Amino acid sequence: MTYKTPIRLVVLDFDGTIGDTQTLIINTMQKTIAELHLPSRTREQCAAMIGLPLKQTFTDLIDMTDEMGDRCANTYRRIFDENNEPGMVPVFPHVIDTLRRLHDSGRVLTIASSRATVTLQGFVESMHLDELVSLVMSCDDIVHAKPHPEMVLKTLERTGFRPEETVVVGDTKYDILMGRGAGCHTVGVSYGNGSREELMAAGADHIIDDFRQLLDLV
């Protein structure tokens, strides 16, 4: 046991933590940028935006008007839906087995994602995560997006757990800052969209390279 107070609630990011959506997201971003005749951006530049609310991924990436940001978000959603075929997004290694073991040990598992409810719920169901996850929070459920702690604070309110009983697990600085802002423990995963250096700078309590290492921490 790593923490003085036993961990009872595990709050999980989705993109880059559970599901390997990076290729699909970056391809969709670049196709959106090309279709709207905006300045091109590299795959690395697009990847650095993952974890932000959809519109903000474009407005932070390229100098544009608010109206163009809305056009980017709408175009992205259309292209994403066209290309999101069954099996397009794999689950990262050892995630399902680890979540099942955590669930069976009595931990409560929830998801806190910047993704919209429709696509997030679709992934949850297709990956059979609904058998393990008690609560799914999306960008549609909050006013203030990551790294603001609202999503975690609402999760704590709905589940009844305290921050010291909770660990937030994610792959970007936005997840770590969100968890810290809510007073929770944080674990960064190094295999997603954020770098180890970024996670350390954000103040992650622990960084793991393999999801099953989470079992050693909680």
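Residues numbered from 1 in each chain as written. Predicted model: local features only at pLDDT ≥ 70, side-chain atom pairs only at ≥ 80, totals over all residues. Heavy atoms only, no water.

Participant: I keep staring at the overall build of the protein and nothing clicks. Help me out?
Facilitator: Secondary structure assignment for the protein yields 10 helices and 6 strands. Here the protein has a C-alpha radius of gyration of 17 Å; the compact-globule value for 218 residues is 17 Å, and the two agree. Along the longest, intermediate and shortest principal axes, the C-alpha atoms of the protein span 55 × 35 × 30 Å. Total accessible area computed for the protein in this model is approximately 10100 Å², and 48% of it derives from carbon and sulfur atoms. If the 21 positive side-chain charges of the protein are averaged to one point and the 32 negative ones to another, these points end up 3 Å apart. (Helix = DSSP H or I, 4+ residues; strand = E, 2+ residues; numbered from the N terminus. Rg over C-alpha atoms; globule rule 2.2 N^0.38 Å. Areas by Shrake-Rupley, 256 points an atom, 1.4 Å probe, with all protein chains shown as cover. Lys, Arg positive; Asp, Glu negative; His and termini not counted. Charge placed at Lys NZ, Arg CZ, Asp CG, Glu CD.)

Participant: Quick question: what am I supposed to make of the pattern of salt bridges here?
Facilitator: Opposite charge on two side chains lets them pair, provided their charged atoms get close. All told, the structure shown has 14 salt bridges when counted by the stated rule. Two residues, D70 and K55, come together in a salt bridge whose shortest N-O distance is 3.0 Å. In this pair, D70 is assigned in helix 4 (residues 66-83) and K55 in helix 3 (residues 54-61), connecting sequence segments 15 residues apart. When its relative accessible area of 34% is taken as the criterion, D70 is described as partly exposed. Classification of K55 by relative accessible area gives partly exposed; the value is 24%. For E164, the salt bridge is made with R162, and the minimal N-O distance between the two is 2.7 Å. Beyond isolated ion pairs, a larger network of salt bridges with shared partners links R8, R162, E164 and E165. (Salt bridge = Lys/Arg side-chain N within 4 Å of Asp/Glu carboxyl O. Buried < 20%, exposed > 50% of the residue type's maximum accessible area, 1.4 Å probe, protein only.)

Participant: Can you walk me through the environment of F211 in this structure?
Facilitator: Residue placement: F211 occurs in the loop between strand 6 (206-208) and helix 10 (214-217). Looking at F211, the relative accessible area reads 0%, which means it is buried. Once the C-alpha coordinates of F211 and T32 are considered, the two residues, 179 residues apart in sequence, prove to be 32 Å apart. Every residue in contact with F211, bar those within four places of it in the chain, is listed here: L12, T17, P93, H94, V95, T98, L99, V169, V189 and Y191. (Contact = heavy atoms within 4.5 Å.)

Participant: It is not clear to me how the packing of helix 1 (residues 22-35) against helix 4 should be interpreted in this structure. Could you clarify?
Facilitator: Two quantities define a packed helix pair, namely the angle between the axes and the distance from one axis to the other. With their axes 9 Å apart at the nearest point, helix 1 and helix 4 run at an angle of 130 degrees to one another. Here helix 4 runs oblique to helix 1, going by the angle between their axes. Note that helix 1 runs across helix 4; the crossing there is right-handed. For the pair formed by helix 1 and helix 4, the contact residues are L24, I25, T28, M29, K31, T32 and E35 on the first element and C72, T75, Y76, R78, I79, F80 and N83 on the second. Each residue belonging to the contact of helix 1 with helix 4 can be placed in one class, and the counts come to 7 nonpolar, 4 polar and 3 charged. (Axes fitted to C-alpha atoms, helices over the stretch in contact; angles between N-to-C directions. Parallel < 35°, antiparallel > 145°, perpendicular 65-115°, else oblique. Left-handed = near helix turned anticlockwise from the far one by under 90°. Nonpolar A, V, L, I, M, F, W, Y, C, P; charged D, E, K, R; others polar.)

Participant: Help me understand the sheet that holds strand 2 (residues 108-112) in this model?
Facilitator: Strand pairing in a sheet relies on backbone hydrogen bonds, with the paired strands running either antiparallel or parallel. One open sheet accounts for 6 strands, arranged 3-2-1-4-5-6; its pairing is parallel. At either margin of the open sheet sits one strand with a lone partner, and together these are strand 3 (133-137) and strand 6. Here the average twist between neighbouring strands, direction ignored, is 25 degrees. When strand 1 (residues 9-12) meets strand 4 (residues 166-170), the two strands line up parallel, connected through 4 bridges. Residue pairing for strand 4: V10 is matched across the bridge by V167. Sheet strands in contact with helix 6 (residues 117-126) are strand 2 and strand 3, and its direction is about 160 degrees off that of strand 3. Running over the sheet, helix 8 (residues 173-181) touches strand 2, strand 4 and strand 5 (185-189) and is turned about 175 degrees from strand 5. (Pairing = 2+ DSSP bridges.)

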